[in-house]
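Residues per chain, in single letters:
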Amino acid sequence: MKKLLSVAGAALLTALAAVFALAQPAQAATGFSVSNGRLYDANGSEFVMRGVNHAHTWYPQQTSSFANIKALGANTVRVVLASGDRWTKNSAADVANVISLCKTNRLICVLEVHDTTGYGEEGAAATLAKATDYWLSIADVLKGQEKYVIVNIGNEPFGNQGYSAWTTDTSNAIKRLRAAGLTHTIMVDAPNWGQDWSFTMRDNASTVFAADAQRNTVFSIHMYGVFDTAAEISDYLGRFRTAGLPIVVGEFGFNHSDGNPDEDAIMAYSQVNGIGYLGWSWSGNGGGVEYLDMTTAFNPAQLTSWGQRIFNGANGIAATSREASVYAGSTPTASPTVSPTVSPTTSPTVSPTVSPTAPPATTPPPSGGCTATYTVGNSWQGGFQGEVKVTAGAAAITGWTVRWTYANGQTVTQAWNASVSNSGSAYTARNVDYNGRLGAGASTSFGFIGTWQGTNSTPAVTCTPA
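Residues numbered from 1 in each chain as written. Predicted model: local features only at pLDDT ≥ 70, side-chain atom pairs only at ≥ 80, totals over all residues. Heavy atoms only, no water.

Peer 1: Provide a residue-level description of the packing of helix H3 (residues 128–137) against helix H5 (residues 166–179), including the pertinent values.
Peer 2: Between H3 and H5, the shortest axis-to-axis distance is 9 Å and the interhelical angle comes to 15 degrees. In terms of axis orientation, H3 runs roughly parallel to H5. The handedness of the crossing between H3 and H5 is right-handed. For the pair H3 and H5, contact is made by Leu 128, Ala 129, Thr 132, Asp 133, Trp 135 and Leu 136 and by Asp 169, Thr 170, Ala 173, Arg 176 and Leu 177, respectively. (Axes fitted to C-alpha atoms, helices over the stretch in contact; angles between N-to-C directions. Helix = DSSP H or I, 4+ residues; strand = E, 2+ residues; numbered from the N terminus. Parallel < 35°, antiparallel > 145°, perpendicular 65-115°, else oblique. Left-handed = near helix turned anticlockwise from the far one by under 90°. Contact = heavy atoms within 4.5 Å.)

Peer 1: Describe the sheet that holds strand S9 (residues 247–252), listing the residues and the values that go with them.
Peer 2: In spatial order, the strands read S3-S4-S5-S6-S7-S8-S9-S10; together these eight strands close into a barrel with parallel pairing. On average, each strand axis in the sheet is tilted by 25 degrees relative to the strand beside it, whichever way the strands run. Pairing geometry for strand S5 (residues 108–113) and strand S6 (residues 149–152), over four bridges, is parallel. Its bridge partner being in S6, Leu 111 is matched across the sheet by Val 151. Its contacts with the sheet place H3 against strand S4 (76–81), S5 and S6, and it is angled at close to 130 degrees to S5. Where helix H7 (residues 230–243) meets the sheet, its contacts fall on strand S8 (217–223) and S9, and the angle it forms with S8 comes to roughly 175 degrees. (Pairing = 2+ DSSP bridges.)

Peer 1: I'd like to hear about the pairing of strand S10 (residues 276–279), residue by residue, with values.
Peer 2: Along S10, one buried face is formed by Gly 276 and Leu 278 and the opposite face, lined by Tyr 277 and Gly 279, is buried too. Pairing geometry for strand S3 (residues 50–54) and S10, over three bridges, is parallel. Each bridged residue has a counterpart across the sheet, and for Val 52 the counterpart in S10 is Gly 279. Both S9 and S10 contribute to a ladder of two bridges, which runs parallel. Bridging from a neighbouring strand, Val 248 pairs with Gly 276 of S10. (Buried < 20%, exposed > 50% of the residue type's maximum accessible area, 1.4 Å probe, protein only.)

Peer 1: So what about helix H9 (residues 305–312)? Which residues, and what values?
Peer 2: Taking burial as the measure, the eight residues of H9 include seven buried ones, the bulk of the element. Within the sequence span of H9, burial applies to Ser 305, Trp 306, Gly 307, Gln 308, Arg 309, Ile 310 and Phe 311.

Peer 1: Which residues make up the packing of H7 against helix H8 (residues 263–273), and what are the values?
Peer 2: For the pair H7 and H8, the least separation of the axes is 9 Å and the interaxial angle reads 30 degrees. Judged by the angle between their axes, H7 and H8 are roughly parallel. In this structure, H7 meets H8 at a crossing whose hand is right-handed. Only Ala 265, Ile 266, Tyr 269, Ser 270 and Asn 273 of H8 make contact with H7, whose side of the interface consists of Ala 230, Ile 233, Ser 234, Leu 237, Gly 238 and Arg 241.

Peer 1: Please give an account of the pattern of salt bridges that cites residues and values.
Peer 2: According to the stated counting rule, one finds 12 salt bridges in the structure shown. For Glu 46, the salt bridge identified is with Arg 38, shortest N-O distance 3.4 Å. Asp 235 is the partner of Arg 239 in a salt bridge, and the nearest nitrogen-oxygen pair spans 3.0 Å. Of this pair, Arg 239 and Asp 235 both sit in helix H7, four residues apart, which is roughly one turn of the helix. Since its relative accessible area comes to 27%, Asp 235 is described here as partly exposed. Each of Arg 78, Glu 112, Asp 189 and Glu 251 takes part in one network of salt bridges that share partners. (Salt bridge = Lys/Arg side-chain N within 4 Å of Asp/Glu carboxyl O.)

Peer 1: Give a detailed account of the environment of Ile 221, specifying residues and quantitative values.
Peer 2: Relative to the helices and strands, Ile 221 resides in strand S8. The spacing of Ile 221 and Val 249 is 28 residues in sequence and 5.1 Å in space, taken between C-alpha atoms.

Peer 1: Run through the state of the cysteines, naming residues and quoting values.
Peer 2: Under the counting rule described, the total for this entry stands at two disulfides. The side chain of Cys 102 participates in a disulfide bridge whose partner is Cys 109; the two sulfur atoms lie 1.9 Å from each other. Taking the sign of the S-S torsion, about 70 degrees here, the bridge from Cys 102 to Cys 109 comes out right-handed. In this structure, Cys 102 and Cys 109 share a single accessibility class: buried. Here Cys 370 engages in a disulfide with Cys 463; their sulfurs sit 2.0 Å apart. On the sign convention where negative means left-handed, the S-S torsion of about -100 degrees between Cys 370 and Cys 463 marks this disulfide as left-handed. Of this pair, Cys 370 sits in strand S14 (residues 370–380) while Cys 463 sits in strand S21 (residues 461–465), and the two are 93 residues apart along the sequence. Note on Cys 370: relative accessible area 1%, which makes it buried. For the protein, numbering the cysteines in disulfides from first to last along the sequence yields the connectivity 1-2, 3-4. (Disulfide = S-S within 2.5 Å.)

Peer 1: Provide a residue-level description of the sheet that holds strand S16 (residues 400–405), including the pertinent values.
Peer 2: The four strands are arranged S18-S19-S16-S21 in an open sheet whose pairing can be described as antiparallel. Both edges of this open sheet fall to strand S18 (419–423) and S21, since each of them pairs with a single strand only. On average, each strand axis in the sheet is inclined to that of its neighbour by 20 degrees, with strand direction left out of account. Sheet topology places S16 next to strand S19 (residues 426–430); five bridges connect them, and they run antiparallel. Its bridge partner being in S19, Thr 405 is matched across the sheet by Ala 426.

Peer 1: Describe the side chain of Ser 220, listing the residues and the values that go with them.
Peer 2: By secondary structure assignment, the location of Ser 220 is in strand S8. The buried category is assigned to Ser 220, whose relative accessible area is 0%. Polar contacts involving the side chain of Ser 220 include one to the side chain of Asp 189, which spans 3.4 Å. Among all residues touching Ser 220, those that are not within four sequence positions of it are Met 187, Val 188, Asp 189, Ala 190, Met 201, Ile 247, Val 248 and Gly 250. (Polar contact = N/O pair within 3.5 Å; in protein donor to acceptor, adjacent residues only side chain to side chain.)

Peer 1: Lay out the side chain of Thr 185 with the relevant residues and their values.
Peer 2: Along the polypeptide, Thr 185 turns up in the loop between H5 and strand S7 (186–189). A distance of 3.1 Å separates a polar side-chain atom of Thr 185 from the backbone oxygen of Phe 32. Looking at Thr 185, its side chain comes within polar contact range of the side chain of Asn 216, at 2.8 Å. Residues in contact with Thr 185, not counting those within four places in the same chain, are Phe 32, Ser 33, Leu 39, Ile 150, Val 151, Asn 216 and Val 218.

Peer 1: Account for helix H6 (residues 200–211), naming residues and giving values.
Peer 2: The end-to-end C-alpha separation of H6 is 16 Å, in line with the 16 Å expected for 12 residues at 1.5 Å each. Counted residue by residue, H6 has nine buried out of 12 residues, so it is predominantly covered. For H6, the secondary structure elements touched by its buried residues are strand S1 (33–35), H5, S7, S8, H7 and S9. (Expected span 1.5 Å × (residues − 1).)

Dropping the structure here:
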């Protein structure tokens, strides 16, 4: 997925070129199209992506994930595929099956080639030209699916070296896809491991957009440690809005090895400004970033704190997602369903430095009461990410209050899925409106980011039912 970045302290470069008049293509829309910086479906209805990334190429047996992602409210799933240059190639039959699963579950499919990740810095990565070869090799299963599929040419196509070629290479890839008769909306990722700290995509987006004869390209920024303040997020996304160029947040998390992204600001700004977002990722992360899993072992009944945040929190998927209008009023005709032969593959790994996690602290519940379990999921110098799991006892409850006191000067700086307050070192967390009612034995959780110095001991917690 990601790699630890060496983030340059570059000053902001000049603003985007003059505003483009971005008219829809002259031909009648057969699928998604772009106009004035907005994405429209085949019915002409504006479509704002609300969804997640799913690592299909490394976990091809997890086909139930599509239905589970939809059940939690998503309208889009970004599907990880491989071109065969770095990981085992997803066949045309497999991609047809993925499209069928998206359509059956009334999801929009954003299909991406992951082999390009970090090209120029990652020795095993493939070029955008290689990714384009892959799309052309499976063009027959893509054509006719323009209402349901967006083609994301290559994931994070340059690392922190050689990225000056991004504009030319991306433009050439778009031209080749169009020359081959693919009329889908195309999505293009930023360089610098997707985070564009060099502003290469930001300052050359108008050139790339103009290279698409159909003017049907969407830009995708990945927001991790580079985007750790609301000001950086609003400035970057706002410049695309001002220029009338379509932008989505194609990946983001609540934490990362390169820093602490401001997921609250990402989601809030996106919602206010009609910008799509796709969180990373449903499940299956490895190499030290397992905390980015939204579900435990692909189980939708076991949402992590990140999963709870993105699906059920403020400006989250459940509250803001709207199904694509092409699915309204009828059950879509699925693509031919096939059972591709799958070769086992392994997921990519990164190696961020993390501190050992603390053991959970649990208080026994009274009958009909509730328990609270406090866990440190990830820790770094001066900061940590925590989660509290609340479980009802022998009887249903309609609300809960959790309390704990820090012994070593820790503080909570932000929280989700609970209303958290403090008086000095004593903290109180109360349920929010969507997670207070729990059946007997049922659980929910809330998460938070905190600070610590010296010692980060695990406090005792109590839970009181409403």
